[in-house]
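What follows is each chain in one-letter form.
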Amino acid sequence: NVQARQYTDSRCLFYSKPLLESGTLGTKCNHEVVLPFRTSTYNDGNEDDNNETQIAMCTLRSFPYLPKHCIEYAKQSYFSDYFEFGPDQYETFRSDKTTFFEQLDSMDAGEQYRSLSMIKSFMDMQQQG
């Protein structure tokens, strides 16, 4: 990934074209505008892929080829629903129904359905003991 970016940077510099660089690591993302002979270039840095521990989001969404990619995708896709969003919605519903319904009104139809479905599943679990 870094090697490809360095190559692209060198071609942009050679042809005196600007480079709009953007990262692919989700919350670690970055952006950079490189103007030939006016700003530092991507090749001026000393980045490499050797110490990278995060998986690029484009790899997770489009080309997961290792078991750890599938595990990371599942963690990001399902963890937040069942361990963050759902419990937060249920707790708000349980403790302050007025606030819950105000929040529900501000959601789109898909989010409303997801919220109500999660609350129902938590209530069903609670009834089963």
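Above this text sits the structure in question.
This write-up is about the structure you can find in this document.

Cut-off values and rules
Residues numbered from 1 in each chain as written. Predicted model: local features only at pLDDT ≥ 70, side-chain atom pairs only at ≥ 80, totals over all residues. Heavy atoms only, no water. Helix = DSSP H or I, 4+ residues; strand = E, 2+ residues; numbered from the N terminus. Contact = heavy atoms within 4.5 Å. Areas by Shrake-Rupley, 256 points an atom, 1.4 Å probe, with all protein chains shown as cover. Buried < 20%, exposed > 50% of the residue type's maximum accessible area, 1.4 Å probe, protein only. Expected span 1.5 Å × (residues − 1). Bend = angle between axes of the 7 residues up to and from the residue.

This next bit is on the overall build of the protein chain. On a plain count of helices and strands, the protein chain comes out with five helices and two strands. Considering only residue pairs separated by 6 or more positions, the protein chain has 42% of its internal contacts joining residues 24 or more positions apart. In the structure as shown, the protein chain presents an accessible area of about 9700 Å², 54% of it carried by carbon and sulfur atoms.

Glancing now at unusual backbone geometry. Phi at Ser16 is positive, roughly 55°, even though this residue is not glycine. Position of Ser16 relative to the elements: it lies in the loop between α1 (2-14) and β1 (19-22). With relative accessibility at 45%, the residue Ser16 sits in the partly exposed group.

Now for helix α3 (residues 67-95). The end-to-end C-alpha distance of α3, which contains 29 residues, comes to 40 Å, matching closely the 42 Å that a straight helix rising 1.5 Å per residue would cover. The sharpest bend along α3 comes to roughly 45°, located at Phe79. Residues His69, Asp81, Phe85, Gly86, Gln89, Tyr90, Thr92 and Phe93 constitute the buried set of α3. Tucked into the core, α3 has its buried residues touching α2 (57-62), α4 (97-105) and α5 (109-128).

As a further point, take the environment of Glu32. Its location among the elements puts Glu32 in strand β2 (residues 31-34). Taking the C-alpha atoms as reference points, Glu32 and Glu21, separated by 11 residues in sequence, lie 5.0 Å from one another.

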